[in-house]
Amino acid sequence: MSRSYVAEARRRGLGRRRERIEPVIELLAAEHSDAEIALRFRSDLELLVSVMLSAQSTDVNVNKVTPALFAKYRTPEDYLAVPVEELERDIYATGFFRQKAKAIRGTMRVLIEDFDGQVPRRLEELVTLPGVARKTANVVAAELGEAQGIVVDTHVRRLAQRLGLTRHENPVKIERDLQRVVPRADWARFPHLLIWHGRRVCDARRPLCHECVLEDLCPASRLR
Ligand code: SF4
């Protein structure tokens, strides 16, 4: 359990989570109007593969690999038409290339066999794809305009804790807490707002509280 900024918010009289969430979203949306997924893709299939490749890698790294990859592999069948070693070489720079090549090929097989070669949109279907865990499924569903959950990555976890929106460490429990307070219409953009705020302002080690638009609403602010 993390240090509870939920209790700290109460102590500082910052108001309940449900009251703070709307101004938090508005302020972040104004501050990071460019907040969106950093991966580059042009189709549902490219989105799915990009998100799978981004596990344990950076979006920048993935974006360096995918232009050539997507020019070569255009359909689920293309990923199965080459020897696995060739696919491994093509995604090598994203790290964990053996594991990822295996997951991508497994996923392509299921797409062909069970989904007519299309990327499904329901979370419960996405998680049946090999190597697609809940976080990946949430990212894909949200980008396809069908957010059914809230993506929790390292930035979302830290920010949600600091803003006193959860007292949990476990991503599933954090997601459940966020789903209770974040309006459903904001489930897709909320994680992007936290991710970009985490990158630009609320750094893990050195949060720039003196520059932060959420300072008045944040129980973790170091200015008080
Ligand atoms: S006030 Fe500080 S701790 Fe709170 S969100 Fe802003 S930068 Fe992070």
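Residues numbered from 1 in each chain as written. Predicted model: local features only at pLDDT ≥ 70, side-chain atom pairs only at ≥ 80, totals over all residues. Heavy atoms only, no water.

1. Overview of the overall build of the protein
Our working rule: Helix numbering and strand numbering both begin at the N terminus, where a helix is a DSSP run of H or I of at least 4 residues and a strand a DSSP run of E of at least 2. Between the two quantities, the radius of gyration covers C-alpha atoms and the globule rule is 2.2 Å times the number of residues to the power 0.38. Buried residues are those whose accessible area, probed at 1.4 Å on protein chains only, stays under 20% of the maximum for their type, while exposed residues exceed 50% and partly exposed ones sit between those limits. Whether two residues are in contact is decided by their heavy atoms, any of which lying within 4.5 Å being enough. Values of accessible area rely on a 1.4 Å probe in the Shrake-Rupley scheme; residue burial ignores everything except the protein chains shown. When charges are counted, neither His nor the chain ends are considered; positive counts come from Lys and Arg and negative counts from Asp and Glu. For this purpose, a charge sits on NZ of Lys, CZ of Arg, CG of Asp or CD of Glu.
Each helix and strand counted, the protein has 12 helices and 0 strands in total. When the helices and strands of the protein are read in sequence order from the N terminus, they spell out α-α-α-α-α-α-α-α-α-α-α-α. Scaling as 2.2 N^0.38, a compact globule of 224 residues should have a C-alpha radius of gyration of about 17 Å, and the protein matches this with 19 Å. If one aligns the C-alpha atoms of the protein with their principal axes, the spans along those axes are about 60 × 30 × 30 Å. Looking at the protein as a whole, 52% of its 224 residues qualify as buried. In the protein, the proportion of contacts linking residues at least 24 apart, taken out of those at least 6 apart, comes to 61%. In the form shown here, the protein has an accessible surface area of approximately 11700 Å², with 48% of it arising from carbon and sulfur atoms. Distance between charge centroids for the protein: 8 Å, based on 38 positive and 32 negative side chains.

2. Remarks on the site of the ligand
Put simply, the rule is: Any residue with a heavy atom lying within 4 Å of a molecule or strand is counted as near it. For this classification, Asp, Glu, Lys and Arg are treated as charged, while Ala, Val, Leu, Ile, Met, Phe, Trp, Tyr, Cys and Pro are nonpolar and the rest, including Gly, are polar.
In the vicinity of the ligand, the residues found are Arg162, Cys202, Pro207, Cys209, Cys212, Glu215, Cys218, Ala220 and Ser221. Broken down by class, the residue content of the shell around the ligand amounts to 6 nonpolar, 1 polar and 2 charged.

3. Things to note about the packing of helix α4 (residues 59-72) against helix α6 (residues 84-91)
Selection criterion: Here, axes are lines fitted to C-alpha atoms. For helices the fit covers the stretch in contact, and angles between N-to-C directions go from 0 to 180 degrees.
In the contact formed by α4 and α6, the axes pass within 9 Å of each other and the chain directions differ by 145°. When α4 is examined against α6, the residues Val65, Leu69 and Lys72 are found in contact with a partner set consisting of Glu86, Leu87, Asp90 and Ile91. Taken together, the residues that form the contact of α4 with α6 break down as 4 nonpolar, no polar and 3 charged.

4. Thoughts on α6
Short version of the rule: What the arc describes is the spread of directions from the helix axis to the C-beta atoms.
Taken together, the buried positions of α6 are occupied by Leu87, Glu88 and Ile91. Seen along its axis, α6 keeps its buried residues to an arc of 105°; they face one direction. Residues of α6 that are buried make contact with α3 (44-54), α4, α5 (76-80) and α7 (97-114).

5. Digging into the side chain of Thr166
Short version of the rule: Here a polar contact is recorded for every N or O atom pair within 3.5 Å, except that within protein the pair must consist of a potential hydrogen donor and a potential acceptor, and residues adjacent in sequence are included only if both atoms are side-chain atoms.
Tracing the backbone through its elements, the reader meets Thr166 in the loop between α10 (154-162) and α11 (171-181). With relative accessibility at 0%, the residue Thr166 sits in the buried group. A polar contact is formed between the side chain of Thr166 and the backbone nitrogen of His168, at a distance of 3.1 Å. Dropping the residues within four chain positions of it, Thr166 is found in contact with Val6, Arg17, Ala160, Gln161, Ile174 and Asp177.

6. Considering the pattern of salt bridges
Definition in use: One side-chain nitrogen of Lys or Arg within 4 Å of one carboxyl oxygen of Asp or Glu is enough to make a salt bridge.
The final tally for this structure, using the stated rule, is 13 salt bridges. With a closest N to O distance of 2.8 Å, Glu46 and Arg42 form a salt bridge. Given the relative accessible area of 68%, Arg42 is considered exposed. With a shortest N-O distance of 2.7 Å, Arg134 and Glu175 are connected by a salt bridge. With a gap of 41 residues between them, Arg134 in helix α9 (residues 134-143) and Glu175 in helix α11 connect regions that are remote in the sequence. Judged by its relative accessible area of 36%, Arg134 is partly exposed. On the basis of relative accessibility, which here comes to 4%, the residue Glu175 falls in the buried class. Through salt bridges with shared partners, a single network forms among Glu8, Arg11 and Arg12.

7. Remarks on the environment of Lys102
With respect to the secondary-structure elements, Lys102 resides in helix α7. Relative accessible area serves as the criterion here: at 66%, Lys102 is assigned to the exposed category.

In short, geometric facts, not functional conclusions.
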